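Residue strings, one per chain:
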Amino acid sequence: MKAAEWIDLSGKVAHVTGGAKGVGAGIVRALHAAGATLVVSDIDEAGAGATAEEVGGHSMKLDVANSADVDKAMEETISVAGSLDILVNNAGVYLELGGPVRQITDEMWSKLWSINVDGVFYCCRKAADLMIKAGRGGRIINIASTQAVTPGVGVTYDGSKAAVVQITKALALELAPHKINVNALAPGPTWVNEGDAPPIDGSIPAPTGDPLADTVANRIARLPAGHWGDPIEQGKAAVFLASPLSDFVTGAYLPVDGGWLTL
Ligand SMILES: NC(=O)c1ccc[n+]([C@@H]2O[C@H](COP(=O)([O-])OP(=O)(O)OC[C@H]3O[C@@H](n4cnc5c(N)ncnc54)[C@H](O)[C@@H]3O)[C@@H](O)[C@H]2O)c1
């Protein structure tokens, strides 16, 4: 027996939502490196196309908050790539719709939850249906966050990611008889902006008076790994959860956070 076989995703088709950039693009690259065929979707059609082209995969425009479009995209995955074996629910929004509770409008709350929670539900529901019908098992990886268990971005985002974790556990239980493993991958601070990540040197910025922002800044300054995460590090964990390495892992919450949750 060779361990290399345990990470070989040849013959598997993976659909990654929000794969145009950031964590999603890192996951696309890592799954490709393990041999999977990729279908990359994003509300940013050009970005999805560019990521897909890099890995010789397929791309499609998809707003995960639209359930009819999600249904079509999951079916189209099978028609263009042959099957749907791995679904990575990565599309998500945060800072622009986060913040202190008194600044959160009804529209901000609904918009964030429509993407981060409704979108995950719609994709899981359709993928589960297609995977059960195909009868060949499957993997669903929901991208949560360390903010599911430690507050930081605010009620909208932190609450949405806690919901994703419990949705993951409920689905893991329900889908286990169909050999569909469902797990939550929880990134810690992962640099997805232009340019190099700022150094982490232990210097804690002066308090701003915003307990959310101050808590996050304080934790980042003391991050045990001593550097920001790179999207490919989230991708490596996704390969673990997508591959036979994790055959007996379902319903798990896997932090990939440089030690954030030790603080
Ligand atoms: N970067 C981090 O430090 C970090 C930490 C914890 C969790 N996460 C999670 O990782 C995931 C990706 O975040 P990121 O940091 O790469 O963000 P990002 O903004 O770099 O990328 C998010 C992608 O999702 C797409 N997207 C947004 N709304 C969409 C929609 N309605 N339908 C389809 N696609 C949509 C965007 O176009 C973009 O390509 C999110 O779920 C986020 O909550 C990120």
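Not measured: the values here are computed from a predicted model.

S.K.: Looking at this model, I keep getting lost on the packing of aromatic side chains. Mind explaining?
M.R.: Think of a pair of aromatic rings as described by two things: how far the centres are apart, and how the planes are tilted against each other in angle. Summed over all chains, the structure comprises four aromatic pairs. Ring centres of Trp109 and Trp113 lie 5.1 Å apart, and the angle between their planes is 20°; on these two criteria the pair is classed as stacked. Placement of both Trp109 and Trp113 in helix α4 (residues 106-134) is noted, with a separation of four residues, approximately one turn of the helix. Plain terms: the ring middles of Trp191 and Trp228 are 5.0 Å apart, the flat faces sit at 75° to each other, and that makes the pair edge-to-face. Residue Trp191 is located in the loop between β6 (180-187) and α6 (211-221), and its partner Trp228 is located in the loop between α6 and α7 (231-242); the two are separated by 37 residues in the primary sequence. Across the pair, Trp228 and Trp191 agree in class, each one buried.

S.K.: Is there a simple way to explain empty space enclosed by the protein in this structure?
M.R.: Using a probe with the size of a water molecule, rolled over the atoms, empty space left in the structure can be pinpointed. Counting across every chain of the model gives one cavity of 30 Å³ or more. The calculated volume of the largest cavity comes to roughly 30 Å³. For the largest cavity, the full set of lining residues is Thr17, Val64, Asn89, Asn90, Ala91, Ile115, Gly119, Val120 and Cys123. If one sorts the elements of the lining of the largest cavity by residue count, α4 sits on top with four residues. Looking at the lining of the largest cavity residue by residue, the classes come out as five nonpolar, four polar and no charged.

S.K.: How do you make sense of the site of the ligand when you look at a structure like this?
M.R.: With respect to spatial proximity, 26 residues lie near the ligand, and among them Lys21, Val23, Asp42, Tyr94 and Tyr157 are the closest. Note that an oxygen atom of the ligand is positioned 2.6 Å from one of the side-chain N or O atoms of Lys21. At 2.6 Å, a side-chain N or O of Tyr157 approaches an oxygen atom of the ligand. Within the complex, the protein chains bury 89% of what would otherwise be the 830 Å² of accessible surface of the ligand.

S.K.: Just to check I follow, could you spell out the pairing of β6 for this structure?
M.R.: The side chains of a regular strand alternate between both faces of the sheet. When you tally the buried positions in β6, you get eight out of eight residues, the bulk of the element. Here β6 shows a buried face lined by Ile180, Val182, Ala184 and Ala186 and a second buried face lined by Asn181, Asn183, Leu185 and Pro187. Sheet topology note: the strand β5 (residues 138-143)/β6 ladder contains six bridges and is parallel. When the sheet's bridge partners are listed, Asn142 is paired in β6 with Ala184. On the question of chirality, the crossover connecting β5 to the parallel β6 by way of helix α5 (residues 155-175) is right-handed. Bridge count for β6 against strand β7 (residues 253-256) is four bridges, and the pairing is parallel. Bridge pairing links Ala186 to Pro255 in β7.

S.K.: What is the right way to look at the nonpolar core in this model?
M.R.: Across soluble globular proteins, nonpolar side chains show a tendency to be buried alongside one another. Within the largest apolar cluster, 38 residues are counted, with the highest numbers of intra-cluster contacts made by Met74, Leu87, Met131, Ile140, Leu175 and Val182. Residue assignment for this core shows that the elements contributing at least two residues are α3 (67-81), α4, α5 and β6. A total of 11 residues in this core trace back to one element, the largest contributor, which is α4. Those residues in contact with Val182, other than ones at most four positions away along the chain, are Ile140, Asn142, Thr168, Leu171, Ala172, Leu175, Thr250, Gly251 and Ala252. In this structure, Ala14, Val16, Val28 and Val256 belong to the second largest nonpolar core, which totals 26 residues.

S.K.: Mind showing me how you'd approach the sheet that holds β6 here?
M.R.: Strand pairing in a sheet relies on backbone hydrogen bonds, with the paired strands running either antiparallel or parallel. Spatially, the seven strands line up as an open sheet ordered β3-β2-β1-β4-β5-β6-β7, and their pairing is parallel. With partners counted over all chains shown, the strands left at the sheet margins are β3 (58-61) and β7, one partner each. Direction aside, the axes of adjacent strands within the sheet are offset by 20° on average. Alignment of strand β1 (residues 13-16) against strand β4 (residues 86-89), held across three bridges, turns out to be parallel. Bridge pairing in β4 places Val16 opposite Val88. Taken strand by strand, helix α1 (residues 22-33) contacts β1, β2 (37-42), β4 and β5, and its axis lies near 175° from that of β1.

What counts and how
- Residues numbered from 1 in each chain as written.
- Predicted model: local features only at pLDDT ≥ 70, side-chain atom pairs only at ≥ 80, totals over all residues.
- Heavy atoms only, no water.
- Phe/Tyr/Trp six-rings, centres within 6.5 Å; stacked < 30°, edge-to-face > 60°.
- Helix = DSSP H or I, 4+ residues; strand = E, 2+ residues; numbered from the N terminus.
- Buried < 20%, exposed > 50% of the residue type's maximum accessible area, 1.4 Å probe, protein only.
- 1 Å grid on protein atoms, 1.4 Å probe; cavity = no way out; pocket = protein on both sides within 12 Å on 5 of 7 lines; lining within 4 Å.
- Points joined across faces, edges and corners; volume = space filled by probe spheres on them.
- Nonpolar A, V, L, I, M, F, W, Y, C, P; charged D, E, K, R; others polar.
- Near = heavy atom within 4 Å.
- Polar contact = N/O pair within 3.5 Å; in protein donor to acceptor, adjacent residues only side chain to side chain.
- Areas by Shrake-Rupley, 256 points an atom, 1.4 Å probe, with all protein chains shown as cover.
- Pairing = 2+ DSSP bridges.
- Right-handed = clockwise from strand over helix to strand, strands pointing away.
- Core = buried A, V, L, I, M, F, W, Y, C linked by side-chain atoms within 4.5 Å.
- Contact = heavy atoms within 4.5 Å.
- Axes fitted to C-alpha atoms, helices over the stretch in contact; angles between N-to-C directions.

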